[in-house]
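So you can see what is in the structure, the chains are spelled out below.
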Amino acid sequence: MFWNKEIETLSRKKLEELQIDRLKKTVKKVYDKVPFYKNKFMETGIKPQDIQSLKDVTKLPFTTNDDLRANFPDGLVAVPKGQIIRLHTSSGTTGKPKALFFSKKDVDVAADQMARCLIMSGMTSEDILQNMMTYGLFTGALVMHYGAEKVGCLVIPAGPGNSERQISLMQDFGTTTLHITPSYALYLADIMESMGIDPIKDLKLKRAFVGSEPYTEETRKKIEALYDIDVYNSYGLSEMNGPGVGFECGEKHGMHLWEDNYLVEIIDPQTLLPVKEEGQVGELVLTSLNREAMPLLRYRTRDITSIIPGKCPCGRTHRRINRITGRSDDMFIIRGVNVFPQQIERILMSTQRVGKNYQIVLDALDDITVRVEISKDMFDGNMEHLVDLQKEITGKLKAEILVTPKVELLEPGSLPSFEGKAKRVIDKRKL
Amino acid sequence: MKVKQISIFLENKKGRLYEALQVLGEANINIRALSIADTAEYGILRLIVSEPDRAKKVLQKVNFVVQENDVIAICVSDQPGGLSHVLNILQQAEMNVEYVYAFVQKKGEKAVVVLRTEKLEPAIKALEKAGIQILKEKEVYCI
């Protein structure tokens, strides 16, 4: 099922024509209306008319988090104030929040692309959506709400928390679809169990959209099994309308990113050049093509992903991106290879016999040591099993990061445990 | 006729062996035999002690990773060729030896050998058949 079949299945050629047309308009608009961009263009000697093809996008300046903060609150707004109807903010990990403005059309575009996502997951106007995200400055709940209303389903604006009420809402109104954080979905299943409610037999749930915090494929599968539902991955960021920028179709293999609304680039975060081949991992850079109030050129999302080459069996022509595997800020280089701690984490997490805590040490000789705690249960007193485990991890890591690491097995509890953001990488090369 | 051995996972950290032995000393547990298998990054400390169950508990209490394994303890004559004779029996029986360590008693003419094979029962049978003296738990723990 499609919300807007014409756009969603537009031929690549026509889609790219639409993109270049919208890119030119966006560039002209920010040049004329946003002094920040005009100055950037002047500095590099670029004129709006230099942008004639999609490849020319690389001539344009990047926009970063810092630029948004430096222009706080409304330095990047490209329309008269009277045309702005909505403010959202995005909390950064440091410093001031980022202020993001929407015109009436922007709200509509955001809702429309959300509606595409929902229909893509199989929703219809018969569905009942319980929206358990925080309503407020955060885009997550409101954009979902507007999208679901467009689809015509019943929306229960439950917001987060109060688990017993959430469960009775599901029972009383026959909720079919949840919008929820993954950790809350796991927690709620426990509460149901303690209340003697079987989420599979006693509820009418069909699917869930989980997001707003990182989670693994294993967590997705776990939620699917607990509730016997389909869980769809999604991608979004407030700087680009919030949720629904990318979404999985029924294939559940990558998230279609709406290319009529965004120009997608994957760059090497070190060189800032595009990755050489489609499919290579890098930082996602987005240019908004259909935002009125606050268009952004080449916004560096810091999210690490790759484009899935090839066509999707669902028929949509908009390309898919893989699950976000990390943040470009965390990247380090070892023997000329870009490595993200999350790549290493994923390998370790897939190995049952080691714990969740790990440490990466880079030393002066450009060697990488991965220190990991063995799990108590795996130790059977057999040296061979330890050596095998060490070899297995070394082999898997080498396949992933292309450099052979030294793997150290440690006693459980010997690595420092972290509250919140963990310092995983110790780079001795900088000392 | 199996004997309990304590295996302790030790990461390559200064003082870690000392800490393990200190815990046992403070708990008044006597070490009868000891062996260390190691790589550059970590090792396994294997012990025959006077009270294996209690040793495991006191070590686990201070977060050591400990496992109890069954091993075979045998008596061999403390003279040239004593151990090779035993290994030859096992080889004839096609038993793979995972590891072996030995300790010599103070007074006796006998040496005690601790060994572990992939399968313990057939190894014990092969050794018994060849007339090797296999030690019982009590005999080993209070040597």
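Residues numbered from 1 in each chain as written. Chains lettered and ligands numbered in written order. Predicted model: local features only at pLDDT ≥ 70, side-chain atom pairs only at ≥ 80, totals over all residues. Heavy atoms only, no water.

Q: Teacher, can you tell me more about the domain arrangement of chain B here?
A: A common way to report how large an interface is uses the accessible area buried once the components associate. All names here are of chain B. Splitting chain B by domain gives domain 1 (3–70) and domain 2 (71–141). A straight line from the C-alpha centre of domain 1 to that of domain 2 covers 22 Å. Each partner contributes residues to the interface: domain 1 has 15 residues there, and domain 2 has 12 residues. For the pair domain 1 and domain 2, the summed buried area comes to about 1,200 Å², and 59% of that belongs to carbon and sulfur atoms. The largest contributions to the domain 1 side of the interface with domain 2 come from Val3, Arg32 and Asp70, which together make up 43% of the buried area. Linking domain 1 to domain 2 there are zero salt bridges. Remark: the boundary between domain 1 and domain 2 carries four residue pairs in polar contact (both at pLDDT 80 or more). At the level of elements, strand 1 (3–11), strand 2 (31–38), strand 3 (42–49) and strand 4 (65–77) are the ones that each hand at least two residues to the side of domain 1 that touches domain 2. For the side of domain 1 that touches domain 2, the residue count by class is seven nonpolar, four polar and four charged. (Domains from an automatic or database assignment. Contact = heavy atoms within 4.5 Å. Buried area = accessible area lost by both parts, 1.4 Å probe. Salt bridge = Lys/Arg side-chain N within 4 Å of Asp/Glu carboxyl O. Polar contact = N/O pair within 3.5 Å; in protein donor to acceptor, adjacent residues only side chain to side chain. Helix = DSSP H or I, 4+ residues; strand = E, 2+ residues; numbered from the N terminus. Nonpolar A, V, L, I, M, F, W, Y, C, P; charged D, E, K, R; others polar.)

Q: Teacher, can you tell me more about the environment of B:Gly43 here?
A: Position of B:Gly43 among the secondary structure elements: in strand 3. Expressed as a C-alpha distance, the spacing of B:Gly43 and B:Glu19, which sit 24 residues apart in the sequence, is 14 Å.

Q: Teacher, can you tell me more about the packing of aromatic side chains here?
A: We describe a pair of aromatic rings using the distance from one ring centre to the other and the angle between the two ring planes. Residues and elements named next belong to chain A. Overall, the coordinates contain seven aromatic pairs over all chains when judged by the stated rule. Their ring planes at 65° and their centres at 5.0 Å tell us that Phe36 and Tyr37 sit as a pair that is edge-to-face. The residues Phe36 and Tyr37 share a single accessibility class, namely buried. Ring-pair connections join several aromatic residues into one group, and the members of that group are Phe209, Tyr232 and Phe247. One residue, Arg298, lies across the ring of Phe62, its end atom 4.1 Å from the ring centre. Stacked on the ring of Phe62, the Lys or Arg Arg300 has its end atom at 5.9 Å from the ring centre. (Phe/Tyr/Trp six-rings, centres within 6.5 Å; stacked < 30°, edge-to-face > 60°. Buried < 20%, exposed > 50% of the residue type's maximum accessible area, 1.4 Å probe, protein only. Lys NZ or Arg CZ within 6 Å of the ring centre and 35° of its normal.)

Q: Can you walk me through the packing of helix 1 (residues 16–26) of chain B against helix 2 (residues 52–61) of chain B in this structure?
A: To describe two helices that pack against each other, one gives the angle between their axes and the distance between the axes. Residues and elements named next belong to chain B. Running from N to C, helix 1 and helix 2 point in directions that differ by 125°, and their axes come no closer than 10 Å. By the angle class used here, helix 1 and helix 2 are oblique. With respect to the hand of their crossing, helix 1 and helix 2 are arranged in right-handed fashion. Facing helix 1, whose interface residues are Ala20, Val23 and Leu24, helix 2 presents Ala55, Val58 and Leu59. (Axes fitted to C-alpha atoms, helices over the stretch in contact; angles between N-to-C directions. Parallel < 35°, antiparallel > 145°, perpendicular 65-115°, else oblique. Left-handed = near helix turned anticlockwise from the far one by under 90°.)

Q: Looking at this model, I keep getting lost on the sheet that holds strand 7 (residues 230–232) of chain A. Mind explaining?
A: Across a sheet, paired strands are connected by hydrogen bonds in the backbone, their directions being either parallel or antiparallel. Residue and element names in this part refer to chain A. Read across the sheet, five strands follow the order 4-3-5-6-7 without closing on themselves; strand pairing throughout is parallel. Here the strands that pair on one side only, and so sit at the sheet edges, are strand 4 (154–156) and strand 7. Put simply, the sheet's adjacent strands are angled 20° from each other on average, direction ignored. Of the pairings in the sheet, the one linking strand 6 (residues 207–210) to strand 7 comprises three bridges and is parallel in character. Within the sheet, the bridge partner assigned to Arg207 lies in strand 7 and is Asp230. (Pairing = 2+ DSSP bridges.)

Q: Which parts of the structure should I look at to understand the confidence of the model for chain B?
A: Caution applies to low-pLDDT regions: their predicted coordinates should not be interpreted in detail. Per-chain confidence: chain B averages 88 in pLDDT, with 96% of residues scoring 70 or above. Confidence scores differ between elements of chain B, with helix 5 (residues 137–141) of chain B showing the lowest mean pLDDT of 79 and helix 2 of chain B the highest of 94. (pLDDT = per-residue confidence, 0-100.)

Q: What should I look at first to understand the pattern of salt bridges in this one?
A: Opposite charge on two side chains lets them pair, provided their charged atoms get close. All names here are of chain A. A full pass over the atoms with the stated rule returns 42 salt bridges over all chains. Ionic pairing is found between Arg327 and Asp303, a salt bridge with its closest N-O pair at 2.8 Å. Of this pair, Arg327 sits in strand 16 (residues 326–327) while Asp303 sits in strand 13 (residues 299–305), placing them 24 residues apart in sequence. On the accessibility criterion, Arg327 (33% relative accessible area) is partly exposed. Linking Arg335 and Asp367 is a salt bridge whose minimum nitrogen-to-oxygen distance equals 2.6 Å. Of this pair, Arg335 sits in the loop between strand 17 (332–334) and strand 18 (337–339) while Asp367 sits in the loop between strand 19 (354–362) and strand 20 (368–374); the two residues are 32 residues apart in sequence, bridging distant segments of the chain. The exposure class assigned to Asp367 is partly exposed, which follows from its relative accessible area of 29%. Among the charged side chains, a network of salt bridges with common partners joins Arg12, Glu16, Glu259, Glu278 and Arg319.

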